[in-house]
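# Survey of secondary and tertiary structure
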Amino acid sequence: MDSFTDVPRIKESSDIGQQQCRVVTEEEWLQKWQMRKIGFHKEQGHRILRKYLDVLLNGRSGLRIFFPLCGKAVEMKCTIAGRFDGIWDRGSLVAINPCDREHYANLMLSLMEGSCCYLLVSVLYDSNKHKGPPFYVPDSEIKSLFGLLISGENITSLKGKVCEIKCLEKVDDFSDQHKAWGLDYFLEVTYLLTLKSVS
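## Focus: the pattern of salt bridges
With the rule as written, the count across this model stands at seven salt bridges. Glutamate 169 is paired through a salt bridge with lysine 51; the nearest N and O atoms lie 2.7 Å apart. Residue glutamate 169 is located in strand 6 (residues 162–172), and its partner lysine 51 is located in helix 2 (residues 47–57); the two are separated by 118 residues in the primary sequence. A residue is classified by how much of its surface remains accessible, and lysine 51, at 53% relative accessible area, is exposed.

As structure tokens, this is what we get:
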């Protein structure tokens, strides 16, 4: 895999195209399972979690880590209710219907303890060539859902809580599967979100 800087043909857009109104029905998800189109299930821990585990843990131990929509994630032993010290979101935000993203972001923010580290993976591709999922989520939407609204010198909290957002990497993850979808590029973007107080 190459780093994003090695992929000059890619130009990020804030337009999510036809996906804005796309709703994946329960029947579609059931059909994916019945036809074994579950490429999101991996036999080993995800390479991004292995690479950034120390960032997620931030020198801490005995943490409560949340794995939203984890499926059969081998990284997880038990997830319990409450607020969490860490969140590993490898594919939830890109799997949910785009119209549900704001509700999802509010839920994730409500689950974060004050020192929570949220490792979030998103994807970028030409949203007019694939209906999703996974859904295209531009950087501007990550900022809108989880970040700060800056107006002049005023910083306003979105949804009562805001995160500092750091892009850890953008990696070209283009594969034969993406080519079969009609795509000509597919980027995997990893963010670190940490809660910030706004005065």
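Further notes follow.
## Focus on the packing of helix 3 (residues 101–111) against helix 4 (residues 139–146)
Contact geometry for helix 3 and helix 4: axes closest at 9 Å, N-to-C directions at 55°. Taken together, helix 3 and helix 4 sit at an angle that is classed as oblique. Helix-helix and strand crossings are classified by hand; for helix 3 and helix 4 the assignment is right-handed. In this structure, helix 3 contributes Arg101, Glu102, Ala105, Met108 and Leu109 to the contact, and helix 4 contributes Glu141, Leu145 and Phe146.

## A few points about the environment of aspartate 126
On the secondary structure map, aspartate 126 appears in the loop between strand 3 (112–124) and helix 4. Residue aspartate 126 is classed as partly exposed on the basis of its relative accessible area of 24%. It is 9.5 Å that separates the C-alpha atoms of aspartate 126 and glycine 182, two residues lying 56 residues apart in sequence. Beyond its immediate chain neighbours, meaning those up to four positions away, aspartate 126 contacts Leu183 and Tyr185.

## Digging into the confidence of the model for the protein chain
Averaged over every residue, the pLDDT of the protein chain is 80; residues scoring 70 or more account for 73%. When the criterion is pLDDT under 50, residues 1–9 qualifies, and its contacts beyond four places in sequence or with other chains add up to 15 contacts.

## Points about the pairing of strand 2 (residues 84–89)
By the criterion of burial, strand 2 is predominantly enclosed, with six of the six residues buried. With two bridges connecting them, strand 1 (residues 65–66) and strand 2 associate as parallel partners. In the strand pairing of strand 2, isoleucine 65 is matched with glycine 86. Judged from the five bridges that link them, strand 2 and strand 3 form a sheet pairing that is parallel. Looking at strand 3, one finds that aspartate 89 is bridged to leucine 120.

## Brief notes about the environment of phenylalanine 146
Mapped onto the elements, phenylalanine 146 comes out in helix 4. Each C-alpha atom of the pair phenylalanine 146 and leucine 109 lies 7.8 Å from the other, and the pair is 37 residues apart in sequence. What phenylalanine 146 contacts, discounting residues up to four positions off in sequence, is Leu93, Ala105, Met108, Leu109, Tyr118, Leu120, Val162, Cys163, Ile165 and Leu193.

## Some details on unusual backbone geometry
Cis geometry marks the peptide bond from glycine 132 to proline 133; its omega dihedral reads -5°. If you trace the backbone, proline 133 turns up in the loop between strand 3 and helix 4. Each neighbour pair has its own omega, and for proline 133 with proline 134 the value is -5°, a cis peptide bond. Within the secondary structure layout, proline 134 lies in the loop between strand 3 and helix 4. Within the chain, asparagine 58 stands out as a residue other than glycine whose phi angle is a positive 50°.

## Brief notes about helix 4
Among the residues making up helix 4, those that are buried are Asp139, Glu141, Ile142, Leu145 and Phe146. The buried side chains of helix 4 occupy one side of the element, clustering within an arc of 160° when seen end-on. Buried residues belonging to helix 4 abut helix 3, strand 3, strand 6 and strand 7 (187–196).

Quick notes on the rules
- Residues numbered from 1 in each chain as written.
- Predicted model: local features only at pLDDT ≥ 70, side-chain atom pairs only at ≥ 80, totals over all residues.
- Heavy atoms only, no water.
- Salt bridge = Lys/Arg side-chain N within 4 Å of Asp/Glu carboxyl O.
- Helix = DSSP H or I, 4+ residues; strand = E, 2+ residues; numbered from the N terminus.
- Buried < 20%, exposed > 50% of the residue type's maximum accessible area, 1.4 Å probe, protein only.
- Axes fitted to C-alpha atoms, helices over the stretch in contact; angles between N-to-C directions.
- Parallel < 35°, antiparallel > 145°, perpendicular 65-115°, else oblique.
- Left-handed = near helix turned anticlockwise from the far one by under 90°.
- Contact = heavy atoms within 4.5 Å.
- pLDDT = per-residue confidence, 0-100.
- Pairing = 2+ DSSP bridges.
- Arc of directions from axis to C-beta.

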